[in-house]
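A closer look at the structure
One letter stands for each residue in the lines below.
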Amino acid sequence: MASVVDRNDVRFEVCSRGNNARFPASDSQRVAQVEYCTSAEDVVRTLQQAIDRGQRPTVRSSGHCYEDWVVNNPGGVLLDVSMMDRVTTGETPGSYVIQPGAKLGVVYERLYKLGGAVIPGGTCYTVTAGGHVSGGGYGTLARMYGITVDWLTGVEIVIVNQAGKAELIHADAQHHPALFRALRGGQGSNFGVITAFHFAKLPPMPKQVLAANISWDWKEMTREKFVRIVTTYGDYWSKNDKNPATYPVFTNLVIGNSKSGRIGLGLHYAQTGDDNEGRDWVQEYLNLFQTCKPSAEAPPDYLQQQQDFGQQQRPLVGDTVCYGTHPVRALNWVEATVNGQGGSGLYGSNRRRSKYKSCYMKKGFTVAEANVLYDQMTSDATRGLILAIDSYGGMVNNPARIADTAIPQRNSILKLQYQSYWLNEADDAFRLNGIRQCYKAMYSTPSADPKYPGYPYPNENFEGCYINYADADMLESPEWTTLYYGTGDLYPLLQQVKKEYDPHNLFHHSMSIRPKA
Amino acid sequence: MMMQEYKPTRRAVLQGIAGAAICAAPMTRAFAAIGDGITFELDREGGWIHSIVRGERRHSEKADLPSAMVYASDHQVLHVTHGYTSYLGLPAGAISSYRVEPNGHLQRLTTQGLSLTAMSPHHIAISPDGRSLAVAAAGGRVLNMLSITEENAVGEVIAVHRKLRGGIPQEFLFDRDGALCVDSHRYAMLEGRLARIGG
Ligand SMILES: Cc1cc2nc3c(=O)[nH]c(=O)nc-3n(C[C@H](O)[C@H](O)[C@H](O)COP(=O)(O)OP(=O)(O)OC[C@H]3O[C@@H](n4cnc5c(N)ncnc54)[C@H](O)[C@@H]3O)c2cc1C
């Protein structure tokens, strides 16, 4: 039986909140009760009761949703499946079943123990499979293994049929194939409550990861240097997306507003072969951004610092400096992925407010874009803003997957996430203006489609946005569904699936699939 | 469909005086809420709210898709729903509150979105204590309960009730105890939700 937390319960205050402290937007928006479900049967029962009481259900696995989709549900029911968190082997050899409440950190650890396998999922330990997998799910192994939904072979989901009855169904390529495709990136929250993900096989976990980084101090940054770093970063992936030697690589360029300190370039090389694999490549790549000084010039404690911290010199004042070769750490893959993570599984206790935006880029940055980014990141108006520019593509860019998943972005080489974090509600307007201003400027250069200024509307340079980096500001564009689901047949298909499997549009939120009129 | 002039029935007039709801007949050009000697007409097709003071049209306020109204005579505030299918990019209708001046002038206090899926609202009622409003929206077969703010304007949606099957409530009212009477059932706010009470 589900454990029910109603408004009189001492647990209610925390468990009716989202991980993003902006939600619920006010007390009036809170649900009437949270119900912790521990099995698929529980989900069916709880959902049916909610329907019979006339309440709107929303679903939560971790509460990491960026927008108001879950906890803004006035008088409704929040079905929390975070305790459905098992990761097990499946019926056939090499297959796995992951329940929606399983945290990614736990997924990596269990898959390692169960069979040395991995999902090419995200980097945050506490994000859970429920929203992450059903919305696409990508991470540092994307160039090597594609995205998580590329490996998904079946989904168990509780839907509500035309008669208003909750029922558990299994969707895969043979059974409910259209629903199955929709659940491979179209976000579960549109269709029902997912109770399990099935993977007939998964790729092997890398043995070791080579990690390296360079960082620059804004105090030593000039416009020219900034433009050079940003364009070099993008150009590399433009030229090397299809180069198999780069498939094991993940890079991210993280640019904070100039008041926040530094610009960082991080690199991960996932080794599946021997310890030497990729080491030359790593040096060559980092040389594009920084030339090391002769070893003879290294200060006496340089080698010791590298051994102690596994990275370049501390304290981080000025640009990082390397002597001889770039320092590289070799870490056991699973340890590097799982260690140092953790965090509470009780979402709502975090009081951090946040806002995110995203963009898929098919080409590197133009000089004009890099200049706009420089202007934005040195502006007082974007204080606190961070832009993470992840390498993407490689095995993700398999055009065949456009047709059997709900992730149509298969031509991009970079995936961008704009982020802003703050604590006080009083700063909402400033922070939201900052991130909006930067985003609008970035997609108002000649690279953007002039018909849709301010948006990375799909064209020869951009491929829209990522639904798991939900951004309700996109609703201001009449074309917001194209931004997320592309210009092809996908959105009409999602609408058709919605009509068939959620005929009452019971599973809805601000950015859910709009039923066909 | 034929357009017809709204003629307030005796029941509707009484409701208007009590500050409760008057239901919109489909495709009716104008209908009225009566209170304090002022009658309001909604021109649903033209998008106007007219104030008629002692038989004369004194003020006309442009309003998007006005679909239903209720007058809170205690506070001289008129609440009007907008029959949108989309409001600020969301699949929802909206509701506006207007302060009514003695000369019939309307001053808009606020406009507030209804809940998701509460599209094309068609009926509205105000509770006897004047602290809550109920709105029915045919679009999503949804009932919304909204708060009334200290300024006597409409506040946020505080509960949503949705029947997946059966008819859409056309007309409802609050009874003397503050329960919302919809068809043959009574509803009240209970532990944060709009719950069916009684038998
Ligand atoms: C710190 C952080 C790091 C992140 N890093 C990455 C990353 O590296 N890669 C990446 O791809 N994404 C990343 N994300 C984004 C993340 O994938 C999405 O926010 C994702 O939707 C979160 O899913 P959840 O289950 O953890 O969160 P929840 O808030 O529980 O759910 C998110 C959405 O999915 C729906 N949902 C959840 N469970 C179910 C279910 N069982 N059935 C149906 N619908 C369900 C919810 O209703 C909600 O709409 C990150 C997010 C955060 C906060």
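Residues numbered from 1 in each chain as written. Chains lettered and ligands numbered in written order. Predicted model: local features only at pLDDT ≥ 70, side-chain atom pairs only at ≥ 80, totals over all residues. Heavy atoms only, no water.

What follows covers unusual backbone geometry. Geometrically, the link from A:Phe23 to A:Pro24 is a cis peptide bond, its omega value of 5° lying close to zero. For A:Pro24, the position within the fold is in the loop between helix H1 (12-15) and strand S2 (33-36). Positive phi, normally seen in glycine, also occurs at B:Leu65, with a value near 40°. Looking at the element boundaries, B:Leu65 is found in the loop between strand S5 (56-62) and strand S6 (66-72). Accessibility expressed as a relative area gives 46% for B:Leu65, which makes it partly exposed. One non-glycine residue, B:Thr117, lies in the positive phi region at around 75°. For B:Thr117, the position within the fold is in the loop between strand S9 (106-113) and strand S10 (121-126). Accessibility expressed as a relative area gives 3% for B:Thr117, which makes it buried. (Helix = DSSP H or I, 4+ residues; strand = E, 2+ residues; numbered from the N terminus. Buried < 20%, exposed > 50% of the residue type's maximum accessible area, 1.4 Å probe, protein only.)

All names here are of chain A. A complete count under the given rule lists one disulfide over all chains for this structure. Covalently, Cys292 is tied to Cys322 through a disulfide, its sulfur atoms 2.0 Å apart. Measuring handedness by torsion sign, the sulfur bridge of Cys292 and Cys322 sits at about -100° and is left-handed. With Cys292 in the loop between helix H8 (279-287) and helix H9 (302-309) and Cys322 in the loop between H9 and strand S13 (329-332), the pair connects residues that are 30 residues apart, well separated along the chain. No disulfide involves Cys37; its sulfur sits 12 Å from that of Cys15, the nearest cysteine. You can call Cys37 buried: its relative accessible area is 0%. (Disulfide = S-S within 2.5 Å.)

All names here are of chain A. Counting 130 residues, the largest nonpolar core has Leu253, Ile255, Tyr285, Leu416 and Tyr418 as its most contacted members. Top contributing element to this core by residue count: helix H7 (residues 223-240), with seven residues. The two domains that each donate at least three residues to this core are domain 1 (3-80) and domain 2 (87-204 + 494-501). (Core = buried A, V, L, I, M, F, W, Y, C linked by side-chain atoms within 4.5 Å. Domains from an automatic or database assignment.)

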